[in-house]
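Residue-level structure breakdown
This is what each chain is made of:
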Amino acid sequence: MTKIIDSGLIKDAVKDLFIKVNTCLRPDILSWLKLARKNETLKKSRYALDVIIKNAFIAKKKMLAICQDTGMAVVYLKVGQSVLVRGDLKKAVSKGVALAYKQGYFRNSIVNDPLIRKNTNSNLPPIIYTDIVPGNKINIKVVAKGFGCENVSKTRMFKPGDPASSIEEFIVNTAKEAGSRPCPPIYIGIGMGGTLDKAVSLSKEAIFRPLNKHNRDKHIAELEKSILKKVNKLKIGPIGAGGNSTAFGVSILTYPTHIAGLPVAINISCHATRTAEITV
Amino acid sequence: MKKISLPLTKDIIKTLKQGEQVLLSGPVLTARDAAHKRFFDAIKSGKKIPVSLKGETIYYVGPTPAKEGEVIGSCGPTTSSRMDAFTPLLLKQGLIGMIGKGERSKEVNRAIKKYGAVYFITIGGAGAYLSEKVKSAKVVAYKDLGPEAIYRLEIKDFPAITEVL
C-alpha cells in the first residue's frame, strides 16, 4: 500500500543520526575496546586504550564530537517503491546534515572543489546513494567518514586466477603501510567483485556490520577471520604503540563479477567508526 | 609521567628519550594542511609569514567549534605525514616541536635530527578527551581558513609520546 512520508521526517532523522554517530561511540566497538584494554599487555597501548575509552565517555556526557574530524557525510537511502515523498528528498537529507553539524558544533570539513579548496562552511554537500527496494518504508544509513582513515584506503583490480592468498596479502599490506595513521584499532571494510565502483561502494557499506556478525558465506567468513588474525599479528596496536589490538574487525561484502576480473577495495575505518541507521 | 614545559629549548629536548610518555604544558600554535601550504608558498616567494616559528611547537589539529562557555571543541591530532613536504622548510625557520599522529617520512626524520627538534605523537581519535587539556584558544592568523586557521593554544598536562628526536 502506498504510504506518504513527509521530507521533514527524513530531515529530522538524518540530523538525529549524524548527531548520534558523532557523539556516541558504537556500543559494539566500545565493548571491544574495553575487552582489548583488559587483554592488552603493553603499558603504552593500555594507556592509549584507556584514553580512547575515557574519550567516548566524555564525548557522550558533554555531547561533544568523539573526534574533531567529524567527517564527510555519506547517506544511503533504501526507498520503498510504494513510498511517496512529500517534498524534496535529497534536499531534506542535505538540510538534516547541515543542521546536525551546526547544532552539534561539528567541524565543517568539506571544500567546494578538489583543487580550489574553499570550505563550504556547512559540511555540505553530503554524498547520497539511493536504492529502490520493495515496501513502503525508507531505510536511512549514515556514516560520518573521517579522512585520516579514508586516505589510507585502497583498490586493486586482481586477475580472476589470482589466489585468495594474494588478496589477503594485499589487505594485510595495506594495513601495514597505513600503520598508525588511520587511528588504530581499525575496522577493515572490504568490497570484492562487481565493477571498480561497486567494489569501492561495498567496502564502505561493509563497515556498518556489527562486530559480532560475519559474512553469511562460509568461505568469505573464513577469509575475514584469517585476515583479522594476520593484521593483529602486525603489532601496530592502538595509536601505533604496539600490542595485539590493531584491528577489531574485517567485514567483507561480495557481488558477482565479470569473467575477466576480480576488483577488491579496502575501506579502512578508525576506532571512531561512526555509522548508524533508522527505518522510517 | 615526565612533565615538560613549553616553549621547548634544545636543552629540554636533550633530556627526552624516544618512546617516552610526557605531559606537555605551555603555548603551542596550531597549523594543518592549508596553513602549511600558505607558510610554504610565502617563505618560498620571500614573503613574511604572519607568525614567527622560532622556538615554536606546532600541533597538527583542526578543532571543532567551541560550545558556549567552552574553550575549544574536540581537538585530537590529524595525520602528520600530510605535512611532511613542508616540514623541513619550517624547521629551517626555527620550528622546534611538532605534535601529531602517525609516522613521518625519512626526510622529515632526518631534518628533525639535523635541527635538534622533536616530534611527539598524541592519541588519535581522542578529541573530546584532549579538549579538556586546552586552557585557552585564540585565532592568531589565517582566520579565513575556518577550522584550519592558526590558533594559539595554551595546553596543560597534554599527553604525548616522544616519537622522533
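Residues numbered from 1 in each chain as written. Chains lettered and ligands numbered in written order. Predicted model: local features only at pLDDT ≥ 70, side-chain atom pairs only at ≥ 80, totals over all residues. Heavy atoms only, no water.

Brief notes about the layout of surface pockets
Taken as a whole, the largest pocket holds about 1,000 Å³ of empty space. Forming the boundary of the largest pocket are 45 residues, of which Ser109, Val111 and Arg117 of chain A together with Arg32 and Glu148 of chain B lie nearest the centre. Of all the elements in the fold, those that place two or more residues in the lining of the largest pocket are α5 (147-150) of chain A together with α2 (33-44) of chain B. Sort the elements by how many residues they give to the lining of the largest pocket and α2 of chain B lands first, with 4 residues. Residues belonging to the lining of the largest pocket are distributed by class as follows: 16 nonpolar, 14 polar and 15 charged. Around the second largest pocket, the lining comprises 15 residues; the ones closest to its centre are Arg209, Asn215, Arg216, Leu253 and Thr254 of chain A. Contributing elements (two or more residues each) for the lining of the second largest pocket: α7 (196-205) and β8 (247-257) of chain A. Sort the elements by how many residues they give to the lining of the second largest pocket and β8 of chain A lands first, with 4 residues. Classifying every residue of the lining of the second largest pocket gives 5 nonpolar, 4 polar and 6 charged. (1 Å grid on protein atoms, 1.4 Å probe; cavity = no way out; pocket = protein on both sides within 12 Å on 5 of 7 lines; lining within 4 Å. Points joined across faces, edges and corners; volume = space filled by probe spheres on them. Helix = DSSP H or I, 4+ residues; strand = E, 2+ residues; numbered from the N terminus. Nonpolar A, V, L, I, M, F, W, Y, C, P; charged D, E, K, R; others polar.)

Side note on the nonpolar core
With 107 residues, the main nonpolar core has Ile188 and Ile190 of chain A together with Leu24, Phe39, Leu53 and Phe120 of chain B as its most contacted residues. For leucine 24 of chain B, the residues in contact, after removing those within four places along its chain, are Ile4, Leu6, Ile99, Phe120, Ile155, Lys156, Asp157, Phe158 and Ala160 of chain B. One finds Ile5, Phe18, Ala100 and Ala144 of chain A within the second-largest nonpolar core, a separate group that totals 27 residues. (Core = buried A, V, L, I, M, F, W, Y, C linked by side-chain atoms within 4.5 Å. Buried < 20%, exposed > 50% of the residue type's maximum accessible area, 1.4 Å probe, protein only. Contact = heavy atoms within 4.5 Å.)

Observations regarding unusual backbone geometry
In this structure, proline 125 of chain A follows leucine 124 of chain A across a cis peptide bond, with omega equal to 0 degrees. For the peptide bond that leads from leucine 6 of chain B to proline 7 of chain B, omega is 0 degrees, which places it in the cis range. Within the chain, isoleucine 239 of chain A stands out as a residue other than glycine whose phi angle is a positive 50 degrees. Its location among the elements puts isoleucine 239 of chain A in the loop between α8 (218-232) and β8. A relative accessible area of 9% places isoleucine 239 of chain A in the buried class.

Some remarks on the state of the cysteines
Among covalent bonds in proteins, the disulfide is the one between the sulfur atoms of two cysteines. The full count for this structure, using the stated rule, is 0 disulfides over all chains. Left unpaired, cysteine 67 of chain A is separated from the closest cysteine sulfur, that of cysteine 270 of chain A, by 6.3 Å. Considering cysteine sulfurs only, cysteine 67 of chain A is the nearest to cysteine 75 of chain B, which forms no disulfide, with 10 Å between them. For cysteine 75 of chain B, a relative accessible area of 0% corresponds to the buried category. (Disulfide = S-S within 2.5 Å.)

Concerning α8 of chain A
All names here are of chain A. The first and last C-alpha atoms of α8 sit 21 Å apart over 15 residues, in line with the 21 Å expected at 1.5 Å per residue. Residues of α8 that are buried: Ile220, Ala221, Leu223, Glu224, Ile227, Val231 and Asn232. For α8, the angular spread of the buried residues around the axis is 155 degrees, confining them to a single face. When the buried face of α8 is taken as reference, the exposed residues oriented beyond 90 degrees from it are Lys218, His219 and Lys229. (Expected span 1.5 Å × (residues − 1). Arc of directions from axis to C-beta.)

Notes on a nonpolar patch on the surface
On the surface, a cluster of nonpolar side chains totalling about 270 Å² of accessible area is made up of Met157, Leu196 and Val200 of chain A. Relative to the assigned elements, methionine 157 of chain A resides in strand β6 (residues 154-158). (Patch = residues over 30% accessible without salt bridge, like charges linked within 9 Å, V, L, I, M, F, W, Y side chains within 5 Å. Areas by Shrake-Rupley, 256 points an atom, 1.4 Å probe, with all protein chains shown as cover. Salt bridge = Lys/Arg side-chain N within 4 Å of Asp/Glu carboxyl O.)

Considering the packing of helix α6 (residues 164-178) of chain A against α8 of chain A
Residues and elements named next belong to chain A. The contact between α6 and α8 brings their axes to 10 Å, and the two run at 35 degrees. Here the hand of the crossing between α6 and α8 comes out right-handed. In contact with Glu168, Ile171, Val172 and Ala175 of α6, α8 contributes Leu223, Ser226, Ile227, Lys230 and Val231. Residue composition of the contact of α6 with α8, grouped by class: 6 nonpolar, 1 polar and 2 charged. (Axes fitted to C-alpha atoms, helices over the stretch in contact; angles between N-to-C directions. Left-handed = near helix turned anticlockwise from the far one by under 90°.)

Focus on the interface of chain A and chain B
Interface extent is often summarised as the accessible area lost during association of the parts. Chain A puts 32 residues into the contact, and the matching count from chain B is 37 residues. Counting each side, the surface lost to burial between chain A and chain B is near 2,900 Å², with a carbon and sulfur contribution of 57%. It is Gln68, Tyr105 and Arg181 of chain A in chain A that bury the most area against chain B; as a group they hold 24% of the surface buried on that side. Counting across the interface, chain A meets chain B through 2 salt bridges. A salt bridge links arginine 181 of chain A to glutamate 103 of chain B; its shortest N-O distance comes to 3.8 Å. Where chain A packs against chain B, one counts 17 residue pairs in polar contact (both at pLDDT 80 or more). Here the side of chain A that touches chain B gets 10 residues from one element, more than from any other, and that element is helix α3 (residues 43-62) of chain A. (Buried area = accessible area lost by both parts, 1.4 Å probe. Polar contact = N/O pair within 3.5 Å; in protein donor to acceptor, adjacent residues only side chain to side chain.)

Focus: the sheet that holds strand β5 (residues 138-145) of chain A
Residues and elements named next belong to chain A. Taken in spatial order, the 4 strands make up an open sheet running β4-β2-β5-β10, and their pairing is mixed. Each edge of the sheet is formed by a strand with only one pairing partner; in this case those strands are β4 (127-133) and β10 (275-279). Taken over all neighbouring pairs, the strand axes of this sheet differ in orientation by 15 degrees on average, direction set aside. Bridge analysis of β5 against β10 gives 5 bridges, and the strand direction is antiparallel. (Pairing = 2+ DSSP bridges.)

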